Amino acid sequence: MMNIKVYKNILSANEEWAKKTRELLSNKKTLMWNIIGSPGAGKTALLERLIPALDGRLSCFVLEGDVETTNDAERLARLNIDVRQIITHGACHLGAETIYKALSELALPGDGGCVFVENVGNLVCPSEFDIGENGKIAVLSVTEGEDKPLKYPLLFREAKAVILTKIDLVPHLDVDTTVYRTNIQKINAKLPVFEVSARRGEGIENLKQWFLSGFEKY
Ligand SMILES: Nc1nc2c(ncn2[C@@H]2O[C@H](COP(=O)(O)OP(=O)(O)O)[C@@H](O)[C@H]2O)c(=O)[nH]1
Ligand SMILES: [Mg+2]
Ligand SMILES: [Zn+2]
């Protein structure tokens, strides 16, 4: 018999915590979404609109990641949901260990829980770290420029959906949302793109249906 030497791929600490998070989420029949986008893209404003729309169907929780301040957690706490702020003191992304520990403290229901993690505003490294989420969601605003999916492809390769925000501003800008879509599709042809205005509420209903459909697997 041939003697084949086998090496085991030891998971990094981050991957180990991400795995524990996935187990916790699965036991609790809860979905967790990792919301990634530039500072100011409109991630918090989107959650302020989306969560009340999902209310009644899902129990929503938010883990807010920021370098400093509890501003975003304070905005979302007004929705009367359980929100926790994770302050990174300089780190530009959230790691899986912090997420696991924060998640363990939430009173997740046994079914229908939905956790939104607003990652630190950054188009680069949050996409590189698995935090045990069910999916990454890219938030891109129409003011950022149509070439951003081409310049920051990893996020668009990894994401389960793109939310193109601030579409109420399109009439005031020299942009074309079809160019955003074309560039997103160059990176990831099957990625769903939702055009949304958190200011006016356009597109929120479609997005709500997509988030609800994520629970069909349970
Ligand atoms: N016109 C318009 N402004 C928006 C929209 N969403 C967010 N903003 C504004 O964009 C700025 C940044 O929003 P915020 O939610 O804090 O972005 P975050 O840093 O990605 O969480 C704020 O001044 C918001 O009022 C939108 O849909 N339309
Ligand atoms: Mg924010
Ligand atoms: Zn980072």
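Residues numbered from 1 in each chain as written. Chains lettered and ligands numbered in written order. Predicted model: local features only at pLDDT ≥ 70, side-chain atom pairs only at ≥ 80, totals over all residues. Heavy atoms only, no water.

Draft legend 1. Spatial organisation of the pairing of strand β1 (residues 30–37). Most of β1 is tucked away: eight of the eight residues are buried. What you see with β1 is no split at all: Thr 30, Met 32, Asn 34 and Ile 36 on one side and Leu 31, Trp 33, Ile 35 and Gly 37 on the other are buried throughout. Direction of pairing for β1 relative to strand β4 (residues 113–118): parallel, over a ladder of six bridges. Residue Ile 35 lies in a different strand from β4, and its bridge partner there is Glu 118. Relative to strand β5 (residues 135–141), β1 is paired through five bridges, and the arrangement is parallel. Note on β5: the bridge partner recorded for Ile 36 is Ala 138. (Buried < 20%, exposed > 50% of the residue type's maximum accessible area, 1.4 Å probe, protein only. Helix = DSSP H or I, 4+ residues; strand = E, 2+ residues; numbered from the N terminus. Pairing = 2+ DSSP bridges.)

Draft legend 2. Summary view of the packing of aromatic side chains. Inspection of every chain in the model, using the stated rule, returns six aromatic pairs. Here Trp 33 and Trp 210 contribute two aromatic rings whose centre-to-centre distance is 5.4 Å and whose plane-to-plane angle is 50°, an arrangement assigned as tilted. Separated by 177 residues along the polypeptide, Trp 33 in strand β1 and Trp 210 in helix α8 (residues 204–213) bring together distant segments of the chain. Relative to Phe 211, the ring of Phe 116 lies with its centre 5.5 Å away and its plane at 75°, an arrangement referred to as edge-to-face. On the criterion of sequence distance, the pair formed by Phe 116 in strand β4 and Phe 211 in helix α8 is long-range, its members being 95 residues apart. Judged on exposure class, the residue Phe 116 and its partner Phe 211 are both buried. A network of ring pairs unites the aromatic residues Trp 33, Phe 116, Phe 194, Trp 210 and Phe 211 as a single cluster. (Phe/Tyr/Trp six-rings, centres within 6.5 Å; stacked < 30°, edge-to-face > 60°.)

Draft legend 3. The packing of helix α1 (residues 13–27) against helix α4 (residues 96–104), seen in detail. Running from N to C, α1 and α4 cross one another at 30°; their axes reach a closest spacing of 8 Å. The orientation of α1 with respect to α4, classified from their angle, is roughly parallel. Classified by chirality, the crossing of α4 by α1 is left-handed. For the pair formed by α1 and α4, the contact residues are Asn 14, Trp 17, Ala 18, Lys 20, Thr 21, Leu 24 and Leu 25 on the first element and Ala 96, Glu 97, Tyr 100, Lys 101, Leu 103 and Ser 104 on the second. (Axes fitted to C-alpha atoms, helices over the stretch in contact; angles between N-to-C directions. Parallel < 35°, antiparallel > 145°, perpendicular 65-115°, else oblique. Left-handed = near helix turned anticlockwise from the far one by under 90°. Contact = heavy atoms within 4.5 Å.)

Draft legend 4. Here's a closer look at the sheet that holds strand β3 (residues 82–87). On the basis of which strands lie adjacent, the open sheet formed by seven strands has the order β3-β2-β4-β1-β5-β6-β7 and parallel pairing. If you trace the sheet from one side to the other, it starts and ends with β3 and β7 (193–195), each paired once. Across the sheet, the axes of successive neighbouring strands diverge by a mean angle of 20°, strand direction being ignored. Note: strand β6 (residues 161–165) against β7, three bridges, orientation parallel. Following the sheet pairing, Val 162 is matched in β7 by Val 193.

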